[in-house]
Amino acid sequence: TMTIQNKERVVNVHVRSGVYSSDTIFDYSHGYIATKLFSRNACFIMKIKKDLIPDLREIGRLAFERETMRDVYSPNNVWARFQPGSSRLGNFKDWILYGKQIERLCTGLPLYK
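Residues numbered from 1 in each chain as written. Predicted model: local features only at pLDDT ≥ 70, side-chain atom pairs only at ≥ 80, totals over all residues. Heavy atoms only, no water.

- As recorded in an unreviewed UniProt entry, the protein goes by Gastrokine-2 and comes from Loxia curvirostra.
- According to UniProt, the comment filed for the protein under the heading Subcellular location (unreviewed entry) is "Secreted". (UniProt positions renumbered as here; feature names shortened; annotations may be inferred.)

**Structural notes on unusual backbone geometry**
Piece 1. One non-glycine residue with positive phi stands out, namely R9, at about 60°.
Piece 2. Relative to the assigned elements, R9 resides in the loop between β1 (2-5) and β2 (10-15).
Piece 3. One non-glycine residue, N41, lies in positive phi territory at about 50°.
Piece 4. By secondary structure assignment, the location of N41 is in the loop between β4 (32-37) and β5 (42-47).
Piece 5. By relative accessible area, which is 48% here, N41 ends up partly exposed. (Helix = DSSP H or I, 4+ residues; strand = E, 2+ residues; numbered from the N terminus. Buried < 20%, exposed > 50% of the residue type's maximum accessible area, 1.4 Å probe, protein only.)

**Examining the confidence of the model for the protein**
Piece 1. Taken as a whole, the protein shows an average pLDDT of 80; of its residues, 77% reach a score of 70 or greater.
Piece 2. Of all the helices and strands in the protein, strand β6 (residues 88-89) carries the lowest mean pLDDT, 64, while strand β3 (residues 22-27) carries the highest, 94. (pLDDT = per-residue confidence, 0-100.)

**Some details on the pairing of β5**
Piece 1. Bridge count for β4 against β5 is six bridges, and the pairing is antiparallel. In the strand pairing of β5, Y32 is matched with K47.
Piece 2. Turn length for the β4-β5 hairpin, with the two strands adjacent in sequence and antiparallel, is four residues, and the turn residue N41 shows positive phi of about 50°.
Piece 3. With two bridges connecting them, β5 and strand β7 (residues 110-112) associate as parallel partners. Residue pairing across strands places F44 opposite Y112, the latter belonging to β7. (Pairing = 2+ DSSP bridges.)

**Brief notes about the packing of aromatic side chains**
Piece 1. Applying the stated criterion to the full structure yields four aromatic pairs.
Piece 2. Between W95 and Y98, the ring centres sit 6.5 Å apart and the planes meet at 65°, which makes this aromatic pair edge-to-face. Of this pair, W95 and Y98 are both found in helix α2 (residues 92-98), three residues apart, which corresponds to roughly one turn of the helix.
Piece 3. Exposure remark for W95: the relative accessible area of 12% places this residue in the buried category. (Phe/Tyr/Trp six-rings, centres within 6.5 Å; stacked < 30°, edge-to-face > 60°.)

Quick look at the structure:
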């Protein structure tokens, strides 16, 4: 499921698929994406790169298209590689940088940037 909060400039994506379940937040106000993988019990954080990540209006349109067309293909798929072994727990400076939405999602979990 996807929830778009235009006023806060935040998108929440919840994937419920057993071992592959995850929650993702696109925080356009702070410029970061965070994904909590339940199977890994970890949070992965990435800076939003405007040339790779759709803007808030576009992500809503793509979600609507997928819902309507029942088509899982998108030319805008983005793959990211995270370096394992360099995790740390979030501290006060991290939460100022990443924002409250990501703090709520990732508090108490190892962070991978």
